[in-house]
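Take a look at the letters that make up each chain.
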Amino acid sequence: MTGHRGRDIVVGIDPGRDWHLPLAWAADEGQRRRLPVRLVLAVPPEHDTHHVNGTPGQTTSRRAGADRLEQACDWVRDRHPEVEVTGDLLNGFPAPALGGAAGEARMIVLGSRHLSRTAEFFSAGSIVVPVSAQARCPVVVVGDAEHISQQPPYVVVGIDGSASAAAALTFAFDAADLRGAALRVVCVWQPPVFMLDDEEVALRAQRTLLSEATAGLSDKYPDVHVTHEVMTGHPVEELARAAEHALAVVVGRRGRGGYTGMRLGSVVHGLLHRAHCPVITVPAE
């Protein structure tokens, strides 16, 4: 994979939620890429104590977090003994702590709480939106497992001509190649309220975009079977439908947003709540 040449795969562990799906995804990816996996669990400050350090509440939370982290590390070792795994127990709120710990990571893997969009924005413990918006590397949100029973297996990538979509396409080719999967390259055309051009002209432009975007990468990854698909409708709905039985859906992220992730993008935000497979967002290189 070009770009994002980080040292490890970082996984955000939520002590209050089941972590098996994101951990399995990260462990499998570490095995495929021969990369170490680092588990990060952040313990938020206790607001009802009067000591800055060593309060009973904080001590109890850290002890529970350390136990959870150790269990998760052991789980990865049992799944893939050859994968190097370490754990970091940090103080602070999950999103900024994880963002700081990730540093130059190859990718960040998170679980999804399947919160509503409003709850996702305003939950203090939410990490999916802020981390996906700010990370300098691809972020994988695993709310549902890869559909490995689908034959032949495939990965979906959505492109729109942007720099981040080009980075997403490169990542998707690499992911499909590693998995021996096909790649469905999807461009969704949403008809405007007032059509100034003929619809066929607009669709032809989308097909040209697909061909030009994949030309060099198809040569680089000759074993990946690629299909081009131009769909008409709402991008979130069409991409979610295309990825219904996919191993993953990959999309670009338009720049780094504010801490709350308000500039994450409506398509990415929609897929995080609609897609029933891992969602991978990739920043522009």
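Residues numbered from 1 in each chain as written. Predicted model: local features only at pLDDT ≥ 70, side-chain atom pairs only at ≥ 80, totals over all residues. Heavy atoms only, no water.

Colleague: Is there a simple way to think about the environment of Ala205 in this case?
Modeller: Along the chain, the position of Ala205 falls in helix α7 (residues 199-220). Distance from Ala205 to Trp189, taken between C-alpha atoms, is 10.0 Å for residues 16 residues apart in sequence. (Helix = DSSP H or I, 4+ residues; strand = E, 2+ residues; numbered from the N terminus.)

Colleague: Can you walk me through α7 in this structure?
Modeller: Residues lying three or four places apart along an α-helix face the same way, a consequence of the helix completing one turn every 3.6 residues. If you check α7, its first and last C-alpha atoms are 33 Å apart, about what 22 residues at 1.5 Å a residue would give, namely 32 Å. Along α7, the residues that are buried comprise Ala202, Leu203, Gln206, Leu210, Thr214 and Leu217. (Expected span 1.5 Å × (residues − 1). Buried < 20%, exposed > 50% of the residue type's maximum accessible area, 1.4 Å probe, protein only.)

Colleague: Got a minute to help me understand the pattern of salt bridges in this structure?
Modeller: Side chains carrying opposite charge are able to pair once their charged atoms draw close together. Applying the stated rule across the entire model yields eleven salt bridges. The salt bridge involving Arg33 is made with Asp174; its shortest N-O contact spans 2.8 Å. Placement of the pair is Arg33 in helix α1 (residues 20-33) and Asp174 in helix α6 (residues 163-179), with a sequence separation of 141 residues. Residue classification places Arg33 among the buried residues on the basis of a relative accessible area of 13%. The buried category is assigned to Asp174, whose relative accessible area is 9%. Here the salt bridges do not stand alone but share partners, grouping Glu29, Arg32, Arg33, Asp174 and Arg179 into one network. (Salt bridge = Lys/Arg side-chain N within 4 Å of Asp/Glu carboxyl O.)

Colleague: Where do I start with the packing of aromatic side chains in this structure?
Modeller: Taken as a whole and judged by the stated rule, the model has two aromatic pairs. Arranged with centres 5.7 Å apart and planes meeting at 25 degrees, the rings of Phe173 and Tyr221 form a pair that is stacked. Linking Phe173 in helix α6 with Tyr221 in the loop between α7 and β8 (226-232), this pair joins segments that are 48 residues apart in sequence. Assessed through its relative accessible area of 6%, Tyr221 is described here as buried. Lying over the aromatic face of Phe171, Arg33 brings its terminal NZ or CZ to 5.7 Å of the ring centre. (Phe/Tyr/Trp six-rings, centres within 6.5 Å; stacked < 30°, edge-to-face > 60°. Lys NZ or Arg CZ within 6 Å of the ring centre and 35° of its normal.)

Colleague: Whenever I open this one, the sheet that holds strand β3 (residues 85-91) confuses me. Can you help?
Modeller: An order of β3-β2-β1-β4-β5-β10-β9-β6-β7-β8 is seen for the ten strands of this open sheet, with the pairing classed as mixed. Either end of the sheet is taken by a strand with one partner, and the two such strands are β3 and β8. Strand after strand, the sheet turns through a mean of 25 degrees between neighbouring axes, direction not considered. Sheet analysis places strand β6 (residues 154-158) next to strand β9 (residues 249-253), joined by two bridges and oriented parallel. Following the sheet pairing, Val157 is matched in β9 by Val250. Strand contacts of α6: β4 (107-111), β6, β7 (182-189), β8, β9 and β10 (279-283), with the helix running at about 155 degrees to β9, the strand carrying the most contacts. Those strands touched by helix α9 (residues 266-274) are β5 (139-142), β9 and β10, and its axis lies near 150 degrees from that of β9. (Pairing = 2+ DSSP bridges. Axes fitted to C-alpha atoms, helices over the stretch in contact; angles between N-to-C directions. Contact = heavy atoms within 4.5 Å.)

Colleague: So what exactly am I meant to see when it comes to the nonpolar core here?
Modeller: One broad rule of soluble globular proteins: the nonpolar side chains tend to lie buried together. Counting 48 residues, the largest nonpolar core has Ile13, Leu39, Val157, Leu183 and Val250 as its most contacted members. Discounting chain neighbours no more than four positions away, the residues touching Leu39 are Val11, Ile13, Leu23, Leu69, Ala72, Cys73, Val85, Thr86, Gly87 and Asp88. Met231, Leu239, Val268 and Val279 belong to the second largest nonpolar core, which has 34 residues in total. (Core = buried A, V, L, I, M, F, W, Y, C linked by side-chain atoms within 4.5 Å.)

Colleague: How should I be thinking about the packing of α6 against α7 in this particular structure?
Modeller: Helix-helix packing is characterised by the crossing angle of the two axes and by the distance between the axes. Running from N to C, α6 and α7 cross one another at 35 degrees; their axes reach a closest spacing of 11 Å. For the element pair α6 and α7, the recorded crossing hand is right-handed. Along the contact surface, α6 presents Leu169, Thr170 and Phe173, while α7 presents Ala213, Thr214, Leu217 and Ser218. (Left-handed = near helix turned anticlockwise from the far one by under 90°.)

Colleague: I tried to follow the confidence of the model for the chain on my own but got confused; where do I start?
Modeller: Regions with low pLDDT carry predicted coordinates that are not meant to be interpreted in detail. Across the chain, the average pLDDT comes to 84, with 84% of residues at 70 or higher. Scored below 50 in pLDDT, residues 48-52 makes two contacts in the model with residues more than four places away or belonging to other chains. Note on residues 255-262: pLDDT is under 50 here. Beyond four places in sequence and across chains, it has 20 contacts. (pLDDT = per-residue confidence, 0-100.)

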